[in-house]
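# Residue-level structural notes
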Amino acid sequence: MDDVSLNSEPTYNEEFEIDGEFAMTEYVGQTGEVLQGDDPAVGMEFESYDDVYFFYNCYAKQQGFGVRVSNTWYRKSKERYRGKLSCSSAGFKKKTDANRPRPETRTGCPAMIKFRLMDNKRWRIIEIELEHNHLTTPANASIYKSHKISDLGSKRPLPINGADQVQRIRLFRTVVIDADDTEECDFRDTIDQGDDKLKLKPGDYQEMLKFFTRMQLNDPSFFYSMDVNEKGCLRNVFWAEARCRAAYSYFGDVLFVNTTSLTENYEVPLVVFTGINHHAQTVPLGCGLVSVQTVESFVWLYRAWLTYMVGRSPQTIITSECKALQTAVAEVFPRASHCLSLTNIMKMVLHEVACLEACEAIRNGLSRAVYHSLRSDEFEAAWEDLVQSHGLQNHKWLQNLYEDRKRWVPVYLKEIFCAGMFPVDSPFQEYLRQHTSLREFFSSYDRSQQDIHHRETLSDIESNNKSRSLLKTRLFFELQLSKLYTENIFELFQQEVEGVYSCYGTRQKSIEGSVATFIVKEDVQVEENRKETRDFEVMYNSGDAVEVLCVCAVFNLRGYLCRHALCVINHVGLDEIPPQYILARWRKDINRSYTIDYRLDGIDIKNPVHRYDNLYRSVTKVVEEGRKSHDRYRFVAQWLMNKVVIQDDQQS
């Protein structure tokens, strides 16, 4: 084959080289030139590890970012067989105890390529992510270290500043052939050809594309991404609507990753990124399909989601106890607090100890240890007593559960906000069953979204119109919060208000400056027919910034004050609950428009993406106002029409 430039249309002949099972490799050229404008693509092959690095570094300089080696895998013979190159802004720096630590410059950027050594001794790109979560400026590319040295072995400079300075490397492109019908495997329906690809039925891929096309027509900001395996077959998928990102701006403090479809072997391998809205209802923040539950699949999915959310990581992530999920969270969200779903674990307890003779006593003992321990030493003692009493020292599942205790037992999560730790079901639970097909799910997706939005709207109306005659006490803070909380949250808070009357003996234990410590007694229901008197320690700071902290830590776990803190507030005669204990995420008096908001520090008018995003956000807000009433619609429509007429007159 003649030499070709990847910037020009290649000239083909009939020379092909078979590489491995069902793979056909097209030789692009003995000295295929890598010029400016070539983007990395799955299937590109290179003769050496250094050539991959050089190629990606050239691309990075053209785009305006730096490159660093994230991982290199070695065999026992010390031969490299796999690598990963990332944007220099990937990940975050490790925390340091230095007196003057360096400021954080990384953003957790997901941009990267993965490549591996194939049987033909060439290095093939197997996975790419081209999107960055930060600005890239080609004019400033020279500031990055990677552009001063390109080749890891020979220290050769990066010669892409002139047209005549071109590094010649041997580059190959790969086309994958399917065994069944000798057609290209890329993004086609693939059926039972291994675990590393989505198991799609005939027509599923076409249905998926129609779904994505329909969503994009209805929502210009609809986003989707596809991941392919080494043979170019569809492996993982992610998608999200504009409303997901808008909702995340309000409820992005806690993220639930629902993998029920995977653990219960649903036909649709759906992963739902889920948030809790101001009514304690589940709302989707993005969806994905994964072929297999591996760290690699979950890392890709998390990075796709994080890219769509412009790199904004949640404070807390709650997942199932799957080890692959936990490892992926640690890699993609290193600064987030990672918790395991308490609800899922307590359900699993029912299954795991069902075959034991004392299963009922074990369940009751575990519930007491989990829900009624106020301090970690209390939980440790209760767990040890449970294990010794029932001979559970060799129960592997319970041992693993104990090792992960700091991720799911409430007594260890007192410093972590968990948005109530409500039982979190998938927002699509009513539309997705174990045997629901992918085609059926996509056809009902619009209806499920409408139902989710309709449910939230009805709750908004109910909260704003609810009569205050439903107050159950004369305590001032019940009236105060009835005006601010949504109805669902107020009902939960009202349980704490009523619980004030089950508390007694509030007394001051000690005082130091403006900080006083109180003891509040309560008879706690620990078993069905038995109550136990417990002492709850509450710290009250009467300084400029009033603080009230209870040992039960209900506020951090659920986002509203507990009965013990309310007792102390009532005892000291505080006029109202301090504003820092009334979270905005539970309030009904905040207008949530669900329009896109990237929260960028500034708009770069030279960047077309920024121009589009800023204008789209502004216009969407106008549309949101116009739909609220007939009069507003007429005003907005007339205003837009006048703008179009003025523009036409100016152009003519």
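Residues numbered from 1 in each chain as written. Predicted model: local features only at pLDDT ≥ 70, side-chain atom pairs only at ≥ 80, totals over all residues. Heavy atoms only, no water.

On to the environment of C550. Its location among the elements puts C550 in strand β19 (residues 547-550). Placed 13 residues apart in sequence, C550 and R563 show a C-alpha to C-alpha distance of 9.4 Å. Once residues lying within four places of it in the same chain are set aside, the contact partners of C550 are F536, E537, V538, C562 and H564. (Helix = DSSP H or I, 4+ residues; strand = E, 2+ residues; numbered from the N terminus. Contact = heavy atoms within 4.5 Å.)

Right, let's talk about the packing of helix α8 (residues 359-372) against helix α9 (residues 376-390) for a bit. Between α8 and α9, the shortest axis-to-axis distance is 9 Å and the interhelical angle comes to 170°. As far as their axial angle goes, α9 and α8 are roughly antiparallel. For the pair α8 and α9, the contacting residues are A361, I362, G365, L366, A369, V370 and H372 in the first and E378, F379, A382, W383, L386 and H390 in the second. Across the contact of α8 with α9, the residue classes break down as 9 nonpolar, 3 polar and 1 charged. (Axes fitted to C-alpha atoms, helices over the stretch in contact; angles between N-to-C directions. Parallel < 35°, antiparallel > 145°, perpendicular 65-115°, else oblique. Nonpolar A, V, L, I, M, F, W, Y, C, P; charged D, E, K, R; others polar.)

Attention shifts here to the sheet that holds strand β15 (residues 337-340). Note on sheets: strands pair through backbone hydrogen bonds, and any given pair is parallel or antiparallel. Spatial strand order, β9-β10-β13-β12-β11-β14-β15: 7 strands in an open sheet with mixed pairing. The sheet terminates laterally at β9 (223-228) and β15, the two strands that pair on one side only. This sheet shows a mean twist of 20° between the axes of neighbouring strands, independent of strand direction. Examined bridge by bridge, strand β11 (residues 254-258) and strand β14 (residues 316-319) share 3 bridges and lie parallel to one another. (Pairing = 2+ DSSP bridges.)

Bringing the nonpolar core into the picture now. In terms of nonpolar packing, the biggest core is built from 57 residues, with M208, W239, L270, L289, Y302 and W305 touching the most fellow members. Looking at this core, the element that brings in the most residues is helix α5 (residues 295-308), giving 9 residues. The next biggest cluster of nonpolar side chains, apart from the first, holds 51 residues, and it includes C339, I416, C418 and V497. (Core = buried A, V, L, I, M, F, W, Y, C linked by side-chain atoms within 4.5 Å. Buried < 20%, exposed > 50% of the residue type's maximum accessible area, 1.4 Å probe, protein only.)

Here the structure, examined in full by the defined rule, presents 2 cavities of 30 Å³ or more. If you add up the space inside the largest cavity, you get close to 70 Å³. Contributions of two or more residues to the lining of the largest cavity are made by α3 (242-251), β13 (282-290) and α11 (438-465). Broken down by element, the residue count for the lining of the largest cavity peaks at 4 residues, all from α11. Taken together, the residues of the lining of the largest cavity break down into 5 nonpolar, 2 polar and 3 charged. There is about 40 Å³ of room inside the second largest cavity. (1 Å grid on protein atoms, 1.4 Å probe; cavity = no way out; pocket = protein on both sides within 12 Å on 5 of 7 lines; lining within 4 Å. Points joined across faces, edges and corners; volume = space filled by probe spheres on them.)

A cluster of nonpolar residues, F635, W639 and L640, forms a patch on the protein surface that exposes about 340 Å² of accessible area. Here L640 lies in helix α17 (residues 630-651). Residue classification places L640 among the partly exposed residues on the basis of a relative accessible area of 39%. (Patch = residues over 30% accessible without salt bridge, like charges linked within 9 Å, V, L, I, M, F, W, Y side chains within 5 Å. Areas by Shrake-Rupley, 256 points an atom, 1.4 Å probe, with all protein chains shown as cover. Salt bridge = Lys/Arg side-chain N within 4 Å of Asp/Glu carboxyl O.)

With respect to the element layout, F333 can be found in the loop between α6 (323-332) and β15. Taking C-alpha positions, F333 is 9.4 Å from Q315, a pair spaced 18 residues apart along the chain. Setting aside anything within four residues of it in sequence, one finds F333 in contact with Y302, W305, L306, S313, P314 and I317.

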